[in-house]
Amino acid sequence: MATTKTLFSNLNSLLCNGIISEAEHSRIQKRIHKAEAQAAEAQLVADLVPELQAFMVADTQYKISDLVLGVMGIKAPCHGITETAEARKFRDGVAKPRMIAALDLLGASKYGAGAQTRYSFGEAAPVFETSTE
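Residues numbered from 1 in each chain as written. Predicted model: local features only at pLDDT ≥ 70, side-chain atom pairs only at ≥ 80, totals over all residues. Heavy atoms only, no water.

Participant: For helix α1 (residues 4-16), give the residues involved together with the corresponding values.
Facilitator: Here α1 is 13 residues long and its end C-alpha atoms lie 18 Å apart, about the 18 Å a rise of 1.5 Å per residue gives. Glycine 18 sits one or two residues past α1 and shows a positive phi near 75°. (Helix = DSSP H or I, 4+ residues; strand = E, 2+ residues; numbered from the N terminus. Expected span 1.5 Å × (residues − 1).)

Structure below.
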């Protein structure tokens, strides 16, 4: 795939030669920036997976706030701190979604919903008792 610099150079050439309009140039430029941002975010999430594997113990259920604290070092109010609106916005809007995406890449199991959601991996298969009477 071409580098971003090459893409922008080619895009500018198309604009200068009158092949595309200014509106098309802006639209394509936004798409390139968006794709770059998505690739960077995907790399950040992928970088979290090994740290997450090292932190999590198999057959143990974790709250998302405990995983964010253990892997990223970001405390939540449940850990006894008073956080600012800006810190809460970052934790809820950036850190938690990244952690959840890393958990999905890891293939972790999800139990519960809302504030009661717990994540774990490596559970042993449930044992079902059979009645042979």
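What follows continues from the structure just given.
Participant: Go over unusual backbone geometry with me, naming the residues and quoting the values.
Facilitator: Of note, aspartate 59 is a non-glycine position whose phi angle comes to about 65°, a positive value. Its place among the elements puts aspartate 59 in the loop between α2 (22-55) and α3 (64-72).

Participant: Lay out the pattern of salt bridges with the relevant residues and their values.
Facilitator: Scanning all chains against the criterion turns up four salt bridges. Linking glutamate 41 and arginine 98 is a salt bridge whose minimum nitrogen-to-oxygen distance equals 2.8 Å. Taken as a pair, glutamate 41 in helix α2 and arginine 98 in helix α4 (residues 85-106) lie far apart in primary sequence, 57 residues in all. For glutamate 41, a relative accessible area of 32% translates into the label partly exposed. In this structure, glutamate 83 and arginine 91 form a salt bridge, with 2.4 Å as the shortest nitrogen-oxygen distance. Of the two residues, glutamate 83 and arginine 91, both sit in the buried class. (Salt bridge = Lys/Arg side-chain N within 4 Å of Asp/Glu carboxyl O. Buried < 20%, exposed > 50% of the residue type's maximum accessible area, 1.4 Å probe, protein only.)

Participant: Account for the packing of α2 against α3, with residues named and values stated.
Facilitator: It is at 10 Å that the axes of α2 and α3 come closest, and there the two elements cross at 105°. Accordingly, the angle class assigned to the pair α2 and α3 is roughly perpendicular. Along its contact with α2, which presents Leu48, Glu51, Leu52 and Phe55, the element α3 presents Asp66, Leu67, Gly70, Val71 and Met72. Here the residues of the contact of α2 with α3 sort into six nonpolar, one polar and two charged. (Axes fitted to C-alpha atoms, helices over the stretch in contact; angles between N-to-C directions. Parallel < 35°, antiparallel > 145°, perpendicular 65-115°, else oblique. Contact = heavy atoms within 4.5 Å. Nonpolar A, V, L, I, M, F, W, Y, C, P; charged D, E, K, R; others polar.)

Participant: Mind laying out the packing of aromatic side chains, listing which residues take part and the relevant values?
Facilitator: In total, this model carries one aromatic pair according to the counting rule given. Measuring from centroid to centroid gives 5.7 Å for phenylalanine 55 and tyrosine 62, while their planes differ by 45°, and the two rings are tilted. Of the residues examined, tyrosine 62 reaches a relative accessible area of 11% and is grouped as buried. (Phe/Tyr/Trp six-rings, centres within 6.5 Å; stacked < 30°, edge-to-face > 60°.)

Participant: Which residues make up α2, and what are the values?
Facilitator: Taking 1.5 Å per residue, 34 residues should reach 50 Å; α2 reaches 50 Å between its end C-alpha atoms and fits that length. Listed as buried for α2 are His25, Ile32, Val45, Leu48, Val49 and Leu52. Buried residues along α2 sit in contact with α1, α3 and α4.

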